[in-house]
Amino acid sequence: MTQPQTMPAMSKEMQDCVDACLNCHSICEETMSSCMQMGGQAQMQIMRALMDCAETTRMCADMMMRRSPMSAEMCAMCAKACEMCAEACMSMPDDPQMMRCAEACRRCATTCRAMAGATM
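Residues numbered from 1 in each chain as written. Predicted model: local features only at pLDDT ≥ 70, side-chain atom pairs only at ≥ 80, totals over all residues. Heavy atoms only, no water.

- The protein appears in an unreviewed UniProt entry as Four-helix bundle copper-binding protein from Streptomyces machairae.

Right, dumping it as structure tokens:
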């Protein structure tokens, strides 16, 4: 009987990207809640960007953790969603939660772009 194959350990870069994705996902979810509490001030464009980013970052982290062969393509899409969300959040520069979200999105986009170009 053969031993089941174990997955190789994640590189530090991949682990950093997974962590950035999960952090960004969490902050986007918190920001959506904050937007809903604001009521009419939160524009639909911002909410859509937050939802897209939250879902994309979660899926990207999941795909990297399971070593999906489509991870690089997902990382590229995730970087784009994060940049769009950061831009949407920047439209409310006086809101500390929006600025926190924009920062997390930009950090995630940077790590995802790096992973998109890496061999996984």
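Let's pick the thread back up.
1. Considering the pattern of salt bridges
Inference 1: On inspection of all chains with the given rule, the structure shows seven salt bridges.
Inference 2: Arg 58 is the salt-bridge partner of Asp 62, the closest N and O atoms lying 3.0 Å from each other. Residue Asp 62 and its partner Arg 58 are located together in helix H2 (residues 44–65), separated by four residues, close to a single helical turn.
Inference 3: Exposure remark for Asp 62: the relative accessible area of 25% places this residue in the partly exposed category.
Inference 4: The class for Arg 58 is partly exposed, based on a relative accessible area of 31%.
Inference 5: Residue Arg 106 pairs with Glu 87 through a salt bridge whose shortest N-O separation is 2.7 Å. Of this pair, Arg 106 sits in helix H4 (residues 96–117) while Glu 87 sits in helix H3 (residues 71–89), and the two are 19 residues apart along the sequence. (Salt bridge = Lys/Arg side-chain N within 4 Å of Asp/Glu carboxyl O. Helix = DSSP H or I, 4+ residues; strand = E, 2+ residues; numbered from the N terminus. Buried < 20%, exposed > 50% of the residue type's maximum accessible area, 1.4 Å probe, protein only.)

2. Description of helix H1 (residues 12–38)
Inference 1: Between its first and last C-alpha atoms H1 spans 39 Å; for 27 residues at 1.5 Å apiece the expected length is 39 Å, and the two agree.
Inference 2: Among the residues trailing H1, Gly 39 stands out with phi positive, at a value near 80°. (Expected span 1.5 Å × (residues − 1).)

3. Examining unusual backbone geometry
Inference 1: At Arg 67, a position not held by glycine, the phi torsion is positive, near 55°.
Inference 2: Within the secondary structure, Arg 67 sits in the loop between H2 and H3.
Inference 3: A relative accessible area of 28% places Arg 67 in the partly exposed class.

4. Quick word on the packing of H1 against H4
Inference 1: Packing of H1 against H4 brings their axes to within 8 Å, and their N-to-C directions diverge by 150°. On the basis of the axis angle, H1 is roughly antiparallel to H4. The hand of the H1/H4 crossing is left-handed.
Inference 2: Across the contact of H1 with H4, the residue classes tally to 16 nonpolar, five polar and four charged. (Axes fitted to C-alpha atoms, helices over the stretch in contact; angles between N-to-C directions. Parallel < 35°, antiparallel > 145°, perpendicular 65-115°, else oblique. Left-handed = near helix turned anticlockwise from the far one by under 90°. Nonpolar A, V, L, I, M, F, W, Y, C, P; charged D, E, K, R; others polar.)

5. Considering the nonpolar core
Inference 1: By size, the foremost hydrophobic cluster in this structure holds 39 residues, and its most contacted members are Cys 21, Cys 28, Leu 50, Met 64, Cys 85, Cys 105 and Cys 112.
Inference 2: Counting residues per element, the ones that place at least two in this core are H1, H2, H3 and H4.
Inference 3: Not counting the four nearest positions on each side in its chain, Cys 21 is found in contact with Thr 57, Cys 60, Ala 61, Met 64, Cys 78, Cys 108 and Cys 112. (Core = buried A, V, L, I, M, F, W, Y, C linked by side-chain atoms within 4.5 Å. Contact = heavy atoms within 4.5 Å.)

6. Quick notes on the state of the cysteines
Inference 1: Under the defined criterion, the tally for this structure stands at zero disulfides.
Inference 2: Cys 53 carries a free sulfur, and the closest cysteine sulfur to it, the one in Cys 82, is 3.7 Å from it.
Inference 3: Of all cysteine sulfurs in the structure, the one in Cys 24 sits closest to Cys 105, which takes part in no disulfide; the separation is 3.7 Å. (Disulfide = S-S within 2.5 Å.)

7. Some points on the side chain of Thr 111
Inference 1: On the secondary structure map, Thr 111 appears in helix H4.
Inference 2: Overall, the relative accessible area of 19% leaves Thr 111 in the buried class.
Inference 3: Within the structure, Thr 111 has its side chain in polar contact with the backbone oxygen of Cys 108 (distance 3.0 Å).
Inference 4: The residues touching Thr 111, leaving out its near neighbours within four places in the chain, are Cys 17 and Ala 20. (Polar contact = N/O pair within 3.5 Å; in protein donor to acceptor, adjacent residues only side chain to side chain.)

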